[in-house]
Every structure is written in structure tokens, then in C-alpha cells.
Amino acid sequence: MDDYPPTSILLPTTTWNSVCEELSAQLGDEDELLIICDSKNDPIADQAPSLPDQIQVLFAGSPRSCSGKANAIATGMNEASHQRLVWTDDDFHHPPDWLSQLHQDYNRNGPVTELPFFIGEDTLALLLEPAYAFGGTLGVYLGDIVWGGAVMFERTDLNEPAFLGNLQQTISDDGLLTEYLDVTPLRRVRTVPIGGSFRQTLERHTRFSQIVRYHDPKGFAIMCFTSAITLAACLLFPIPALVLLTLLHITIYLSVGVKRWTALLAYPSALVQLPLFLYGVSRKSFVWAGRRYEWRSKFDVAVSEN
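Computed from a predicted model, the values in this text were never measured in an experiment.

### Remarks on the environment of Leu-58
Looking at where Leu-58 falls in the secondary structure, it is placed in strand β3 (residues 55-59). Judged by its relative accessible area of 10%, Leu-58 falls in the buried class. Taking the C-alpha atoms as reference, Leu-58 lies 9.2 Å from Lys-40; in sequence the two are 18 residues apart.

Here you go:
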């Protein structure tokens, strides 16, 4: 780790958890881990006095015109001491060489991001796994899209003042970062559990649909068109569509090193994609982490406690 520049790791979370332990064990002598929560009412605040100097707890406050995640990241970037930055999340395992691998990849490629693979924890989330493998894993890789769960860059890699100004007026931190940062996605997957209930998954899918709509309108139009063509093919030619979609998604899963039976759900997953996308963009608001967001335009967000 001493071969790499001092690094600030930004971790939005409200509790001291296994990911905090994993990251703290990987810090170099001059690195810092910034754990960012909303307020002193969050459980992590009780842990703050006993933490080593390299680990700080920051209080972002309640967001006024952006998501809680965007507000936390903005606070972390403003308080971070170093030029090299890492964003990450607390919902996946960080192996012991996670940080050192990112440094090696950055030194070869410049800004880098890993790939998420979302694992469903309820019936709807399981059904949507193939769709997320196609759009959320393969799409990130092919589209040079940032995944905020694992991204490394330096302040000089983007127009930081402009980025931070916009970040505090929108929902998606990584959707916005993609617009400001030329990133190289690595074919290295982290599995992330999602859902837990039908409602949670529906709210998440609504948020996803609106993120694509506002940050990539052209991509959203293509996605809806492709979903419509696929739906028509599934209804008109069910057996060939079932076979081709299943083989396609098995290939996608294996290409990123994931062996999951849910690849077999590719056909029924395709049937619900267009209705769910249209439902997502028709919603006036959605719930995320205890707050309700009304996303009226790309940089016009109303926030209320749910």
C-alpha cells in the first residue's frame, strides 16, 4: 500500500458493520476512511469516539434537494484530505486485496469502476435478476458507466466544483459522475443483495428507471424500444425467444463469473420489463432509505421524510 498515494475512502453508512472492518484493515499509513451518516442520531455516532485517527465519522445532515446518498458523497468529498478518492457501499464483501487491486487498476487505466451483480432477496427481485445482469452488469461494462459501489478516481480527473454543485441537486451520484468522469469498467464483479420485499424491489426499480430517464434519455428510449421488440418476440415466437434469451443470459452470467439458476428466468423477466419501465417513469415519487423523493427534472428534487 505504501507504493500508492494517500487515499480517501468514502463510505456512506449508518452503522459499524463488517464492511467498516474490512476497509479499516486495508488502510495504508496515510489513508483515511470517511464514514458518512446523516446525524448524531445514527448508531455509528456512538462508535466515533473510539475509532482510530484514520477513521472519521462525518455528519452530512438531512438532504434538502438531493438524495441522502448524494448528500453524503458531497460531504465526504468536501471533507476528504487526499487527491485520490474511492467511493464504496456497505452492501457487499470487500476482500483483503480490494483496495490494492483498485490502485493497480487505476495506475494502468486511470479512473476505474467494478461491476455489480444484483442478487434478489424476494420473488420480484429474483425475477428481475436477468434484467439487472443485462442492464446493470453488462450495461455498466459496455457503456463505460460508473458504479458508485466501487470506483476510484482523482480530483483532477473531473471538474470537481461543477460536479459537486450539480450533485446536491439530483438523485443519482454515480449517474452524475458518469457524465463527468471517463472511467474504465473492470470485468470484476461484486455481488450485491437487493430487495427483501415486493415493495422494496418495486421502489428500487422505479428509482432505476428514473435514473436512466434523466441521466441517459437516449439510452432510456433505446432500452424501452428494445424491451418492446423483445416483448413482441416473446409473445409471437415464445419457444425460440425462450431458448435464445436463456442462452444469452447464461452467457452473460458466465462471462462475469456468476453461476446462478436465475439465468433461467430470462424469458419471464423479459415479459415484465416494458410494463415496469413505463410504471417507473409514470410514478411521481418513490421511497429510498426512509425518504420519499419527487424527481421533477434532472436537477429539481423534492425530499420528504417517509
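### Focus on the nonpolar core
Leu-33, Ile-35 and Trp-98 are the most contacted members of the largest nonpolar core, which totals 33 residues. Excluding residues within four positions of it along the chain, Leu-33 makes contact with Ile-9, Leu-11, Cys-20, Leu-23, Ser-24, Leu-27, Gln-54, Ile-55 and Gln-56. Ile-36, Leu-58, Phe-153 and Val-183 belong to the second-largest nonpolar core, a separate cluster that totals 25 residues.

### Quick notes on the side chain of His-249
Structurally, His-249 can be placed in helix α10 (residues 238-255). On the basis of relative accessible area, His-249 is assigned to the buried category, the value being 6%. Here the side chain of His-249 touches Leu-245 through a polar contact of 2.9 Å, landing on its backbone oxygen. When near neighbours in sequence (up to four residues on either side) are disregarded, His-249 contacts Pro-130, Phe-134, Ala-263 and Ala-266.

### Some remarks on the sheet that holds strand β5 (residues 112-120)
Spatial ordering of the open sheet is given by β3-β2-β1-β4-β6-β5-β7, a layout of seven strands whose pairing is mixed. Looking at the sheet topology across the chains shown, the edges are occupied by β3 and β7 (184-194). If you compare each strand with its neighbour and ignore which way they point, the axes differ by 20° on average. For strand β4 (residues 84-88) and strand β6 (residues 150-154), the ladder comprises five bridges, and the chain directions are antiparallel.

### Observations concerning helix α9 (residues 217-236)
Between its first and last C-alpha, α9 extends 29 Å over 20 residues, near the 28 Å set by a 1.5 Å rise per residue. Those residues of α9 lying buried are Gly-219, Phe-220, Cys-224, Ser-227, Leu-231 and Cys-234. On an axial view of α9, the arc spanned by its buried residues comes to 135°, and they lie on one face. With respect to the buried face of α9, the exposed residues turned more than 90 degrees away are Lys-218, Phe-225 and Leu-236. If you follow the buried residues of α9, they end up packed against α8 (198-215), α10 and α11 (266-282).

### Description of the pattern of salt bridges
Applying the stated criterion across every chain yields a total of 15 salt bridges. The closest approach of N and O atoms between Arg-108 and Asp-105, which form a salt bridge, is 2.6 Å. Of the two residues, Arg-108 and Asp-105 are both situated in helix α4 (residues 98-109); the distance of three residues between them amounts to about one turn of the helix. You can call Arg-108 exposed: its relative accessible area is 59%. The exposure class assigned to Asp-105 is buried, which follows from its relative accessible area of 6%.

Each value, and the rule that gives it
Residues numbered from 1 in each chain as written. Predicted model: local features only at pLDDT ≥ 70, side-chain atom pairs only at ≥ 80, totals over all residues. Heavy atoms only, no water. Helix = DSSP H or I, 4+ residues; strand = E, 2+ residues; numbered from the N terminus. Buried < 20%, exposed > 50% of the residue type's maximum accessible area, 1.4 Å probe, protein only. Core = buried A, V, L, I, M, F, W, Y, C linked by side-chain atoms within 4.5 Å. Contact = heavy atoms within 4.5 Å. Polar contact = N/O pair within 3.5 Å; in protein donor to acceptor, adjacent residues only side chain to side chain. Pairing = 2+ DSSP bridges. Axes fitted to C-alpha atoms, helices over the stretch in contact; angles between N-to-C directions. Expected span 1.5 Å × (residues − 1). Arc of directions from axis to C-beta. Salt bridge = Lys/Arg side-chain N within 4 Å of Asp/Glu carboxyl O.

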